[in-house]
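Letter by letter, the chains look like this.
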Amino acid sequence: MTVVRETFHAQISQNKRRSILLVVIIAAILGVLGWFMGYYFAGDPAGAFLFVPLALGLAGLLSAGAYFSGDSLVLAASAAHEVTEREQPQLLNVVREMSLAANVPLPRVYLIDDTAPNAFATGRDPEHASVAITTGLLQKLDREELQGVIGHEMAHVRNYDIRFSLLVGVLVGSIALLADMLARMAFWGGMTGRGSRRGRDGDSGGAGVFIFFLGLLVAILAPIFASLVQMAVNRQREFLADATSVELTRNPYGLERALAKLATDQEPLEVANRATQHLYIVNPIKKLDMSARGLFSTHPAIVDRINRLRKLTGEAELDANSMRSLAGLD
């Protein structure tokens, strides 16, 4: 058990380092976008630097809004309603067990009226956390499997993944917003922007044209690159939350069966969208092949997640064709 705990702590430390790196990369992308927008308006490199703090300030304001009210917006967008112990005694009992095991305060519990099985956690810290579960999850999982899923979500709460998901989601969205503004300038203004005119009229016309089109390229690639980095870190956090769930429940089999059931279920989650899909325990939108490992995947392949859990118990690895059997469908 000591070795396992050391492994968990090492993974948590590694994820913290990756998270800091991600924030630095996103801040740098925002600064670059701000510089190119400044060059377009100011017409010279020195003046363009004045727009860098403006871009970072906009991202800061949006992040502050997400920090204090982002979870409420996510829950409202998911059509989730809060439930009490009288309404859902077993669910609240399991959540209480897992919060005690994780040594975090009891989160608020929400229910989403949808038959597709799924769940997510949100909030800015363990003291202001919420867990949302679909009715389909309660209907299709037994208690052990439900414990595994709730343990996974409580791991996100304990590891502060919930804060990271809210803030980084907004920062990536800020990049998309600024990149769209820069692309519109290029599309509607063409080479008539102030920076381009000054470049044409001065001695460095060729350099001005080059910088303008380089900015257009940055506007196209920046949101893609930021999303790729975000998804890569998110996939690692899902692996860590799975492992932490096993630490909390002392039972890898419940989460293994739950993941298999969620992976083989064909019902779409109607309230999910691309802004919230990364929050859920499994991708609620597009039905990916269970062995897919694409760069644009918000979650690791389910079969990889199950096999990492099996390594904890020394069991043989599972292939995608055996998923239905593990889920109890064959």
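Small disclaimer: the values here were computed from a predicted structure and weren't measured.

Participant: Let's hear about the overall build of the chain: which residues, and what values?
Facilitator: Of the regular secondary structure elements, the chain holds twelve helices and four strands. Residues counted as buried form 52% of the 330 residues belonging to the chain. By sequence separation, contacts in the chain at least 24 residues apart represent 69% of the contacts at least 6 residues apart.

Participant: Hey, could you go over the pairing of strand β3 (residues 119–123) for me, with residue numbers and the actual values?
Facilitator: Side-chain direction in a regular strand flips from residue to residue, so the side chains alternate between the two faces of the sheet. With five of five residues buried, β3 lies mostly within the body of the structure. Here β3 shows no split at all, with Ala 119, Ala 121 and Gly 123 on one side and Phe 120 and Thr 122 on the other all buried. In this sheet, strand β4 (residues 129–134) lies alongside β3 in antiparallel orientation, the contact comprising five bridges. Within β4, the residue paired with Ala 119 across the bridge is Ile 133.

Participant: Tell me what's going on with the pattern of salt bridges, and back it up with residues and numbers.
Facilitator: Under the definition given, this model contains 14 salt bridges. A salt bridge links Glu 267 to Lys 140; the shortest N-O distance between them is 2.6 Å. Taken together, the residues span a long stretch of sequence, with Glu 267 in the loop between α10 (252–264) and α11 (302–313) and Lys 140 in helix α5 (residues 135–140) at a distance of 127 residues. Since its relative accessible area comes to 35%, Glu 267 is described here as partly exposed. Among the ionic pairs, Arg 257 bridges to Asp 142, the shortest N-O distance being 3.6 Å. A residue pair is termed long-range when its members are at least 10 positions apart, and Arg 257 in helix α10 and Asp 142 in the loop between α5 and α6 (143–158) qualify at 115 residues.

Participant: Before we move on, could you go through the environment of Phe 36 and cite the residues and values that matter?
Facilitator: Inspection of the secondary structure assignment puts Phe 36 in helix α1 (residues 2–42). What makes Phe 36 buried here is its relative accessible area of 9%. With near-sequence residues (within four places) excluded, Phe 36 lies in contact with Leu 182, Ile 211, Leu 214, Gly 215 and Val 218.

Participant: Summarise a nonpolar patch on the surface; cite the residues concerned and give the values.
Facilitator: Taken together, the side chains of Phe 210, Leu 214, Leu 217, Ile 220, Leu 221 and Ile 224 define a hydrophobic patch exposed on the protein surface, amounting to about 560 Å² of accessible area. With respect to the helices, strands and loops of the structure, Leu 221 is situated in helix α9 (residues 205–249).

Participant: I'd like to hear about the side chain of Ser 130, residue by residue, with values.
Facilitator: Take Ser 130: it is sitting in strand β4. For Ser 130, a relative accessible area of 4% gives the class buried. Beyond its immediate chain neighbours, meaning those up to four positions away, Ser 130 contacts Leu 75, Pro 107, Arg 108, Tyr 110, Phe 120, Ala 121 and Thr 122.

Participant: Let's hear about the sheet that holds β3: which residues, and what values?
Facilitator: Through backbone hydrogen bonds, the strands of a sheet pair up, either in parallel or in antiparallel fashion. One open sheet holds the four strands; their spatial order is β1-β2-β4-β3, and the pairing between them is mixed. At either margin of the open sheet sits one strand with a lone partner, and together these are β1 (80–82) and β3. Each adjacent strand pair in this sheet contributes to an overall mean axis angle of 30°, direction not counted. Strand contacts of helix α3 (residues 51–77): β1, β2 (108–112), β3 and β4, with the helix running at about 150° to β3, the strand carrying the most contacts.

Participant: Quick rundown of the packing of α6 against α10? Include the residues and the values.
Facilitator: One way to put it is that α6 packs onto α10 with a least axis distance of 7 Å and a crossing angle of 90°. Considered as vectors, α6 and α10 are oriented roughly perpendicular to each other. Here Glu 144, Glu 145, Gly 148 and Val 149 of α6 lie close against α10, whose contacting residues are Gly 254, Leu 255, Arg 257, Ala 258 and Lys 261. Class assignment of the residues belonging to the contact of α6 with α10 gives a composition of three nonpolar, two polar and four charged.

Participant: Tell me about the packing of α10 against α11, and name the residues and values.
Facilitator: Between two packed helices, both the angle of their axes relative to each other and the distance between the axes serve to describe the pair. Across the interface, α10 lies against α11 with an axial gap of 10 Å and an inter-helix angle of 165°. When the axes of α10 and α11 are compared, the pair comes out roughly antiparallel. For the element pair α10 and α11, the recorded crossing hand is left-handed. Here Pro 252, Tyr 253, Leu 255, Glu 256, Leu 259, Ala 260 and Ala 263 of α10 lie close against α11, whose contacting residues are Ile 302, Arg 305, Ile 306, Leu 309, Arg 310 and Thr 313. Its residues assigned to classes, the contact of α10 with α11 shows nine nonpolar, one polar and three charged.

Parameters and conventions
- Residues numbered from 1 in each chain as written.
- Predicted model: local features only at pLDDT ≥ 70, side-chain atom pairs only at ≥ 80, totals over all residues.
- Heavy atoms only, no water.
- Helix = DSSP H or I, 4+ residues; strand = E, 2+ residues; numbered from the N terminus.
- Buried < 20%, exposed > 50% of the residue type's maximum accessible area, 1.4 Å probe, protein only.
- Contact = heavy atoms within 4.5 Å.
- Pairing = 2+ DSSP bridges.
- Salt bridge = Lys/Arg side-chain N within 4 Å of Asp/Glu carboxyl O.
- Patch = residues over 30% accessible without salt bridge, like charges linked within 9 Å, V, L, I, M, F, W, Y side chains within 5 Å.
- Areas by Shrake-Rupley, 256 points an atom, 1.4 Å probe, with all protein chains shown as cover.
- Axes fitted to C-alpha atoms, helices over the stretch in contact; angles between N-to-C directions.
- Parallel < 35°, antiparallel > 145°, perpendicular 65-115°, else oblique.
- Nonpolar A, V, L, I, M, F, W, Y, C, P; charged D, E, K, R; others polar.
- Left-handed = near helix turned anticlockwise from the far one by under 90°.

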